[in-house]
Amino acid sequence: NPCQASLVIAMKEQLRRIGKIRQLWAKCRQPGGSTGAAGAICWKTFLNSYVNSFVVAQDKTTVSNIFKMFSTFYEKLHPSIKPMRKYFVKGTEIVLGNPDPSAQDQGLESQIRVGEAKNIHVGTGQTLHCIHVSEIARCSSIESIKDALMPAFSDAPGTIGIIETTAHFAAGSEMFKSMCEKAMKGEGIWEYHFLEWWRMPEYRMASPMGETLRLDVEERHLLQTVKGLTLENIMWRRSKINDMDG
C-alpha cells in the first residue's frame, strides 16, 4: 500500500544518509506500520550475526500478534538464506543459532524478543541493535521504556529504531509527542512521518449512483485545506461517523 511504500523509502534513505534508522510514525489505523517495522527488523536479525532485537507492545494480545509476524517471516524464508534456530519460545522469543552446542558452526547467534511495555527486562550491560515500540501512545506505563529499553539501545551504524502509534492519550503519548516535536524541528536524528488515512485505498467510498454529495461546512473546509483528500474519502469518513453515532 502507499503508506508502507513511503515508509520503506524513508528507511532506506535514512540508512543511506546517516547509516542507521531512527523513525517516528504517527499513523492511521492499519497502514501496515507494524508489518513494515517487523520486516525491517527481520532483515537485520535473520541475515546478520550477533543482532539483538527487542519489540515492545502495549498488551499481551498485541505481543502475540506481532510475534506471529516474526514467526511467519522466519518460516517463509527461502532455505538458502534461512538461518538455524537454536530455540523458540512461543509468543516471545526466537533465538537463532545451532541447536547443537558442540558443532563448529554456531550459526548467527542473533535473537528477537517481544514483550509488554510494563514488563521489559533488559539486563545491565546488554546491548540492543534493533528496537520497535508499537503503539507507544497506548502504553499505560513507559518507565521501563525510558529506564531499561532506551539506555540499552545502541547508537552504532546499522542499528534500527522505530517508534510508532495511532492517536491516543495514555502515558506514552507525552513521550511520543515530545520526540515528534523535536524531530519536526530538526533536533537529533529521529525522523518524523505522518501516515495519512486518506492515502489508504480502503478508506474511500463512492457516492450512490445518481446522488449529488452535499457537503457540510466542516467537510468543505477539509477538502479545501487537506492536500490529497477526495470526495470518496469524505464519503468514507461520513459513513464511519454515522456508524459511531449508532
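Since this is a predicted model, take the numbers as computed values, not measurements.

Q: In this structure, what is going on with the overall build of the protein? I would like to understand it.
A: Looking only at helices and strands, one finds seven helices and eight strands in the protein. Taking the principal axes of its C-alpha atoms as reference, the protein extends roughly 75 × 40 × 40 Å. Burial analysis of the protein (246 residues in total) assigns 46% to the buried set. Sequence separation of 24 or more characterises 70% of the internal contacts of the protein that already satisfy a separation of 6 or more.

Q: Looking at this model, I keep getting lost on the packing of helix α2 (residues 33-46) against helix α3 (residues 60-75). Mind explaining?
A: The axes of two packed helices give the description: the angle between them and the distance between them. Between α2 and α3, the least distance of the axes is 10 Å, while the angle of their chain directions is 50°. With respect to each other, α2 and α3 are oriented oblique. The interaxial crossing formed by α2 with α3 has right-handed handedness. Packed against α2, whose contacting residues are S34, T35, A38, G39, I41, C42 and F46, the element α3 presents M69, F70, F73 and Y74 at the interface. A class-by-class count of the residues in the contact of α2 with α3 yields eight nonpolar, three polar and no charged.

Q: Would you take a moment to explain the pairing of strand β1 (residues 21-27) for this structure?
A: Side-chain positions along a regular strand alternate between the two faces of the sheet. By the criterion of burial, β1 is predominantly enclosed, with seven of the seven residues buried. Because side chains alternate across β1, one face comprises the buried residues I21, Q23, W25 and K27, and the other comprises R22, L24 and A26, equally buried. Pairing geometry for β1 and strand β7 (residues 160-165), over six bridges, is parallel. Looking at β7, one finds that L24 is bridged to I163. As defined by bridge partners, β1 adjoins strand β8 (residues 191-195) across five bridges and the pair is classed as parallel. If you follow W25 over to β8, its bridge partner there is H193.

Q: Quick question: what am I supposed to make of the sheet that holds strand β5 (residues 111-116) here?
A: Hydrogen bonding along the main chain pairs the strands of a sheet, whether they run parallel or antiparallel. Spatially, the eight strands line up as an open sheet ordered β3-β4-β5-β2-β6-β7-β1-β8, and their pairing is mixed. The strands lining the two open edges of the sheet, one partner per strand, are β3 (85-89) and β8. Between one strand axis and the next, the sheet turns through 15° on average, direction left out of account. The sheet contact formed by strand β2 (residues 52-57) and β5 spans six bridges and is parallel. Across the sheet, A57 pairs through a bridge with E116, a residue of β5. Sheet strands touched by helix α5 (residues 172-184): β1, β7 and β8. Its angle to β1, the strand with the most contacts, is close to 115°.

Q: What's the story with α5 in this structure? I'm lost.
A: Because an α-helix packs 3.6 residues into every turn, residues spaced three or four apart end up facing the same way. For α5, which comprises 13 residues, the first-to-last C-alpha distance of 18 Å matches the rise-based estimate of 18 Å (1.5 Å per residue) to within 8%. Along α5, the residues that are buried comprise G172, S173, M175, F176, M179, C180 and A183. Down the axis of α5, the smallest arc covering the buried residues is 160°, so these residues share one side. Of the surrounding secondary structure, the elements contacted by the buried residues of α5 are β1, α4 (143-152), β7 and β8.

Q: Which parts of the structure should I look at to understand the layout of surface pockets?
A: It is the rolling of a water-molecule-sized probe over the atoms that shows where space remains empty. Quantified by volume, the largest pocket comes out at close to 470 Å³. Around the largest pocket, the lining comprises 19 residues; the ones closest to its centre are K27, T165, T166, A167 and H168. Secondary-structure elements contributing two or more residues to the lining of the largest pocket are β1 and α5. Ranked by residues supplied to the lining of the largest pocket, first place goes to α5 with four residues. Among the residues making up the lining of the largest pocket, the classes are represented as 10 nonpolar, four polar and five charged.

Q: Whenever I open this one, the state of the cysteines confuses me. Can you help?
A: The term disulfide refers to a covalent linkage connecting the sulfur atoms of a pair of cysteines. All told, the structure shown has zero disulfides when counted by the stated rule. The structure places no disulfide on C3, whose sulfur is separated from the nearest cysteine sulfur, that of C28, by 4.9 Å. You can call C28 buried: its relative accessible area is 9%.

Q: Could you clarify how one ought to interpret the side chain of T166 in this entry?
A: Of note, T166 is situated in the loop between β7 and α5. Among the polar contacts listed, one links the side chain of T166 to the side chain of R138, at a separation of 3.4 Å. Apart from the residues within four sequence positions on either side, T166 is in contact with K27, C28, R29, E135, A137 and R138.

The rules behind the values
Per chain, the residues get numbers from 1 upward, laid out in the order the sequence is written. A pLDDT threshold of at least 70 governs which residues receive local features in this predicted model, and a stricter bar of 80 or more applies before side-chain atom pairs are shown or counted, although totals over entire chains, interfaces and linings include all residues. Hydrogens and water molecules were not included; the side-chain quantities draw on all heavy atoms of the structure. A run of H or I in DSSP counts as a helix once it spans at least four residues, and a run of E counts as a strand once it spans at least two, with each numbered from the N terminus. Exposure is judged per residue with a 1.4 Å probe applied to protein chains only, and the accessible area is read against the type maximum: over 50% gives exposed, under 20% gives buried, and values in between give partly exposed. Pairs of residues are marked as contacts when any of their non-hydrogen atoms sit within 4.5 Å. The axes are straight lines fitted to the C-alpha atoms, using for helices just the contacting stretch, and the angles between their N-to-C directions are given from 0 to 180°. Angles are sorted into four bins: roughly parallel if under 35 degrees, roughly antiparallel if over 145, roughly perpendicular if 65 to 115, and oblique for all others. Handedness of each helix crossing follows the sense of rotation of the near helix against the far helix: counterclockwise by less than a right angle gives left-handed, clockwise gives right-handed. Polar here means any residue outside two lists: the nonpolar Ala, Val, Leu, Ile, Met, Phe, Trp, Tyr, Cys and Pro, and the charged Asp, Glu, Lys and Arg; Gly therefore counts as polar. Two strands pair if DSSP finds at least two bridges between them. Helices are assigned an expected span. That span is 1.5 Å times one less than the residue count. Here the arc refers to the set of directions running from the helix axis out to each C-beta atom. Site definitions follow a grid-based scheme: protein atoms alone, a 1 Å grid, a 1.4 Å probe that fits but cannot get out for cavities, and for pockets an open set with protein on both sides within 12 Å along at least five of seven lines, plus lining residues having an atom within 4 Å of a point. Grid points are joined across faces, edges and corners, and a volume is the space filled by probe spheres set on the points. The criterion for a disulfide is a pair of cysteine sulfur atoms lying within 2.5 Å. N or O atoms closer than or at 3.5 Å make up a polar contact, with two conditions inside protein: a donor-capable atom paired with an acceptor-capable one, and, for residues adjacent in sequence, both atoms drawn from side chains.

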